[in-house]
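Architecture and fold: a report
Here's the letter readout for the chains.
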Amino acid sequence: MMGGEDSAIEVVPPAVHPEQRAKVRGRRAGVRWTQLGEAVIETVIRVCGVSAVLFVFGIFFFVFREGAGYLFHGLNLREFLFSTQWLPTSQTHVRFGVLALIVGTATVTILAMAIAVPFGLGAALFVSEFCGRRTRETLKIVIELLAAIPSVVWGFIGLSVLNPLIQKTFGVPVGLNAANGAVLLALMSVPIMVSIGEDALKAVPDSYREAALALGATRWQIVHRVLLPAAKNGLLAAVLLGVGRAIGETMAVLMATGHAINIPHSPFDPVRTLTATIAAELGEASVGSPHYQVLFIIGMLLFSITFVVNLSADLVVRGIRRR
């Protein structure tokens, strides 16, 4: 037997080749750069999210600052909301009543949604569930081109095409009316509804469709009983985006609705919207004058209407989810 010192065996670690060391260092450096890149991307995303909120508050603050002086010192709020007399440039009888403008905006928007919602959601269903691949791609390109048309071009279409067409078809003396603007707004809102609605329908898992087919459901039964209930949140979002598009549109309704301040009694009466009033009169109002400040108060009113629409939609979606 050997002594304790002789029996101890010294383990010598194998030599590491320089190329292997370089590879290990390269992998570590790659991992560090990947982590750094992810951290940068995450930071950029957070900054974008926070900046979107800040921009909204900043815009609202700017509008509020320009109109707050006359809103709290001089404006008769009751007359502003419930009077139909809009006489901002009168020398002896100045009136700032926006009721007719609110009703005109609501009329055009409701008529536009009555046209756009069936066509938009129907087109989304067709593109998502019923057409072939080539047809789907072609329709997507056409819809995107429809969304790319400037609003002023839509206004020219309303003036030169829909105006005489409405006069001849319905026998009305003026073709620039609420119906004209509603058709244009519907055509402008349909691309948004189709795009968001198709995404919502595509997000429904294929297992739902397969289970319905296994139970013997027809294609229309799958759409009615499976797809629409499962995608109702996304479809509601599509409709609300269309409503927002219609409420915020300016040039098309300025050129196609007749720009008349009155309460409409039929779809063929000329109307004026809130956005068209701001666009038409802001350039002529003296900076700091009551007329100038009231136009910014109208902008605050538009903000409030949009907020109420979005809040109502959020409450509806939450109620649907609880069910």
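Residues numbered from 1 in each chain as written. Predicted model: local features only at pLDDT ≥ 70, side-chain atom pairs only at ≥ 80, totals over all residues. Heavy atoms only, no water.

**Concerning the environment of P290**
To keep it simple, the criterion reads: Only runs of H or I of at least four residues qualify as helices and only runs of E of at least two qualify as strands under DSSP, and these elements are numbered from the N terminus. Think of it in three bands: residues with accessible area under 20% of the maximum for their type are buried, residues over 50% are exposed, and the middle band is partly exposed, with areas taken using a 1.4 Å probe on protein chains only. By the convention used here, residues are in contact when the closest approach between their heavy atoms is within 4.5 Å.
Note on placement: P290 falls in helix α13 (residues 290-322). According to the relative accessible area criterion, P290 is partly exposed, its value standing at 39%. With sequence-adjacent residues up to four places away left out, P290 is seen in contact with Y70 and F96.

**Some remarks on the packing of helix α6 (residues 151-170) against helix α7 (residues 178-202)**
Relative placement of two packed helices is described by the angle separating their axes and the distance separating the axes. What counts here: Axis lines are fitted to C-alpha atoms, over the contacting stretch for helices. Their N-to-C directions set the angle, which ranges from 0 to 180 degrees. Note on angle classes: values under 35 degrees are labelled roughly parallel, values over 145 roughly antiparallel, values of 65 to 115 roughly perpendicular, and the remainder oblique. Crossings are assigned a handedness: left-handed for a near helix turned anticlockwise from the far helix by less than a right angle, right-handed for a clockwise turn. Residues are grouped as follows: Ala, Val, Leu, Ile, Met, Phe, Trp, Tyr, Cys and Pro are nonpolar; Asp, Glu, Lys and Arg are charged; all remaining types, including Gly, are polar.
Where α6 contacts α7, the two axes come as close as 10 Å, and the packing angle between them is 135°. With respect to α7, the axis of α6 lies oblique. Crossing of α6 over α7 shows right-handed handedness. On α7, the residues that touch S151, W154, G155, I157, G158, L162, N163 and I166 of α6 are A179, N180, V183, L184, L187 and M188. Here the residues of the contact of α6 with α7 sort into 9 nonpolar, 5 polar and no charged.

**Some words on the packing of aromatic side chains**
Test applied: Two rings from Phe, Tyr or Trp (for Trp, the six-membered ring) form a pair when their centres are within 6.5 Å of each other. A pair whose planes differ by under 30 degrees is stacked, one over 60 is edge-to-face, and the rest are tilted.
The tally for this structure, following the rule as stated, stands at 9 aromatic pairs. Ring centres of F60 and F303 lie 5.5 Å apart, and the angle between their planes is 80°; this geometry places the pair in the edge-to-face category. On the criterion of sequence distance, the pair formed by F60 in helix α2 (residues 18-72) and F303 in helix α13 is long-range, its members being 243 residues apart. F303 sits in the partly exposed class, given a relative accessible area of 31%.

**Observations concerning unusual backbone geometry**
Of note in this structure, H259 is not a glycine but carries a positive phi near 55°. Residue placement: H259 occurs in the loop between α11 (251-256) and α12 (274-281). Exposure remark for H259: the relative accessible area of 23% places this residue in the partly exposed category.

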